[in-house]
Amino acid sequence: MNANLGKFTLQFDPTNQEIALVGKLRPRSPIDMREILGQVRHGLDACKGVAYLNVKRLTNINQTAFHALGEVLSSVCSHRADFSVVVVTSSVISWSATLFRELAEREPNITVQVYDSAFYPGQTFVEDESFIPILRTQTKMTWRHERQMLPRHGLRSGAFVADICCGIGDFATLIHKEFSPARLVALDHSKRSLEYARRVAAEFGLSGIEYTYGDASQMLLGDNLFDFVTCRHSLQIFDRPDLLLRELHRICKPGGRVYITNEKNSHCLGEPHSQSIQWTYNEVARLFSHFDMDVEMGPKSRRFLTDAGFEQIQVESFMVTNLDGDPQDFADMIEAWENVYAGEMAVRRGDTPEFIRKFRQGFRDHIAAALHPKGYAGWPIWAASGRKPF
Ligand SMILES: C[S@@+](CC[C@H](N)C(=O)[O-])C[C@H]1O[C@@H](n2cnc3c(N)ncnc32)[C@H](O)[C@@H]1O
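What this report covers is the structure whose coordinates are included nearby. (Residues numbered from 1 in each chain as written. Predicted model: local features only at pLDDT ≥ 70, side-chain atom pairs only at ≥ 80, totals over all residues. Heavy atoms only, no water.)

## Structural notes on the overall build of the chain
Regarding its fold elements, the chain presents twelve helices and 14 strands. C-alpha atoms of the chain, sized along the principal axes, occupy 80 × 50 × 40 Å. Relative to its 390 residues, the chain shows a buried fraction of 54%. In the chain, once contacts between residues fewer than 6 apart in sequence are set aside, the share between residues at least 24 apart is 79%. When the accessible surface of the chain is split by element, carbon and sulfur atoms take 50% of a total near 17200 Å². Side chains of the chain carry 44 positive and 47 negative charges; the gap between the two charge centres is 4 Å. (Helix = DSSP H or I, 4+ residues; strand = E, 2+ residues; numbered from the N terminus. Buried < 20%, exposed > 50% of the residue type's maximum accessible area, 1.4 Å probe, protein only. Contact = heavy atoms within 4.5 Å. Areas by Shrake-Rupley, 256 points an atom, 1.4 Å probe, with all protein chains shown as cover. Lys, Arg positive; Asp, Glu negative; His and termini not counted. Charge placed at Lys NZ, Arg CZ, Asp CG, Glu CD.)

Written as structure tokens, this is what we have:
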């Protein structure tokens, strides 16, 4: 925008009455800010009622810029009694809420909102510590299949790889060991999961995985950086999967591939007691949809990738079963599901003790099927990838 400011853009969206400041704002003198301040004032003047100043991706601002911006906001607010400004920050930029709150304390018509403190309905469940054992056992079970499949979807050693919504980082660790990427970024919005991931990496003496706190729907990573971008079991739990896919597409290099995995929980199965198991997993799908999560997304992967602009789409499905390895691993995974789905989510939805008892029974029957000497238990997954056009 201005040579003295570095990389910076300002976008004004009149429909949403939003001014977005993106990049670094580091002027040497207030004169360098003149054009930007003119645009901010112009944008605010065009808004009625409430205007939003989006600083979610403002990665840097110096005192000169902050003072000059503060003066414009205060002056507009003090001249218009019926007007207010909401500054929208993100927890990813840790200083920004504190800084803008200083301004809000001086000017009653300015408020600060941290948009990702509660930004998707399932957040409290999946960012909680109780989800860690689920992710651990799931990755242990799926890796056996995925390590064979990943090269078919385009993963090569020496590639630049990003694992977005990495959870506790087990998948990134396995990729690091098996495929020796030249760069490996693993990003998630759960601070607890990332702490866990960093601790495991340190214990195992693994260096080179760039664990990053971030919002996958608004990443600070640049465009066209990675040959291979993965996002596993996560589009299905975020309520705006299209936003995540747009970001996965943006950070992928032209010619690179984005690889996603998703489930269809109502297709989990087992013998014996197939009916009780079937009933419970139909209810799992309903329970997740109550919290705006779509754990039936697997077969929709082709459509999502197509709509996001990918080409050469490949879709395959596989069934994780009790026969893949130690049946106890399968049973442990189901037990971890039961604890969170029946023990926390159904309770939060307000389900009756009678419903929860029946709901739990299906998980127990699934565990029994997995451990039965003649039993069979399965969990189906859809893995899909698409190429970003040149
Ligand atoms: C079901 S877990 C899957 C984790 C990991 N990919 C795996 O397969 O084990 C979903 C993960 O997505 C993360 N997540 C969801 N929405 C996110 C967002 N907008 N930005 C960053 N992480 C997000 C959650 O914190 C959680 O760790």
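## Comments concerning the site of the ligand
Neighbouring the ligand are 20 residues, the closest being Tyr 120, Cys 165, Asp 188, Ala 216 and Arg 232. Side-chain polar atom of Asp 188 to an oxygen atom of the ligand: 2.6 Å apart, as the coordinates give it. At 2.8 Å, a side-chain N or O of Arg 232 approaches an oxygen atom of the ligand. Relative to its unbound accessible area of 590 Å², the ligand is 98% covered by the protein chains. Class assignment of the residues belonging to the shell around the ligand gives a composition of nine nonpolar, seven polar and four charged. (Near = heavy atom within 4 Å. Polar contact = N/O pair within 3.5 Å; in protein donor to acceptor, adjacent residues only side chain to side chain. Nonpolar A, V, L, I, M, F, W, Y, C, P; charged D, E, K, R; others polar.)

## Regarding the packing of aromatic side chains
Two aromatic rings are characterised by how far apart their centres lie and by the angle between their planes. Taken as a whole and assessed by the stated rule, the structure comprises 13 aromatic pairs. A ring pair is formed by Trp 143 and Phe 171, whose centres lie 5.7 Å apart and whose planes are at 80°; its orientation type is edge-to-face. With Trp 143 in helix α5 (residues 132-149) and Phe 171 in helix α6 (residues 170-179), the pair connects residues that are 28 residues apart, well separated along the chain. Of the residues examined, Trp 143 reaches a relative accessible area of 10% and is grouped as buried. Taking relative accessible area as the criterion, Phe 171 reaches 2% and is therefore assigned buried. (Phe/Tyr/Trp six-rings, centres within 6.5 Å; stacked < 30°, edge-to-face > 60°.)

## Remarks on the environment of Gly 375
Looking at the secondary structure, you find Gly 375 in the loop between α12 (353-371) and β14 (376-387). Given a relative accessible area of 9%, Gly 375 falls into the buried group. Spatially, the C-alpha atom of Gly 375 lies 43 Å from that of Phe 226, the residues being 149 residues apart in sequence.

## Details of a nonpolar patch on the surface
A surface patch of nonpolar side chains, amounting to about 270 Å² of accessible area, comprises Leu 269, Leu 323 and Tyr 376. Structurally, Leu 323 is set in the loop between β13 (311-321) and α11 (327-349). A relative accessible area of 59% places Leu 323 in the exposed class. (Patch = residues over 30% accessible without salt bridge, like charges linked within 9 Å, V, L, I, M, F, W, Y side chains within 5 Å. Salt bridge = Lys/Arg side-chain N within 4 Å of Asp/Glu carboxyl O.)

## Here's the deal with the nonpolar core
Ranked by size, the top nonpolar core spans 95 residues in total, and within it Ile 164, Trp 337 and Tyr 341 carry the most contacts. Split by domain, the residues of this core number at least three in each of domain 1 (3-118) and domain 2 (129-387). The contacts of Ile 164, once residues within four sequence positions are left out, are Leu 187, Ala 216, Met 219, Leu 221, Val 229, Thr 230, Cys 231, Arg 232, Leu 248 and Ile 251. Core analysis: the next-biggest nonpolar cluster, separate from the first, contains 35 residues, Met 33, Leu 53, Val 87 and Leu 99 among them. (Core = buried A, V, L, I, M, F, W, Y, C linked by side-chain atoms within 4.5 Å. Domains from an automatic or database assignment.)

## Side note on the side chain of Ser 266
With respect to the helices and strands, the residue Ser 266 is situated in the loop between β11 (252-263) and β12 (269-271). Given a relative accessible area of 10%, Ser 266 falls into the buried group. Residues in contact with Ser 266, not counting those within four places in the same chain, are Gln 278, Tyr 281, Asn 282 and Glu 296.

## Examining the packing of helix α9 (residues 274-290) against α11
Packing of α9 against α11 leaves a shortest axis separation of 11 Å and a crossing angle of 50°. The angle between α9 and α11 falls in the class oblique. Viewed along their axes, α9 and α11 form a crossing whose handedness is left-handed. The segment α9 lies against α11, with Tyr 281, Val 284, Arg 286, Leu 287, Phe 288 and His 290 engaging Ile 334, Trp 337, Tyr 341, Met 345, Ala 346 and Arg 349. (Axes fitted to C-alpha atoms, helices over the stretch in contact; angles between N-to-C directions. Parallel < 35°, antiparallel > 145°, perpendicular 65-115°, else oblique. Left-handed = near helix turned anticlockwise from the far one by under 90°.)

## Here's the deal with the side chain of Ser 193
On the secondary structure map, Ser 193 appears in helix α7 (residues 191-203). Leave out the neighbours within four places in its chain, and Ser 193 touches Gly 167 and Ile 168.

## Some remarks on the pattern of salt bridges
This structure, assessed with the given rule, holds 19 salt bridges. In this structure, the salt-bridge partner of Arg 152 is Glu 316, at a minimum N-O distance of 2.9 Å. Taken together, the residues span a long stretch of sequence, with Arg 152 in the loop between α5 and β7 (160-164) and Glu 316 in strand β13 at a distance of 164 residues. The salt bridge involving Arg 364 is made with Glu 338; its shortest N-O contact spans 2.8 Å. Of this pair, Arg 364 sits in helix α12 while Glu 338 is found in helix α11, placing the two residues 26 residues apart along the sequence. Arg 364 sits in the partly exposed class, given a relative accessible area of 43%. For Glu 338, a relative accessible area of 4% translates into the label buried. Each member of the salt-bridge network shares a partner with another, and the members are Asp 223, Glu 247 and Arg 250.

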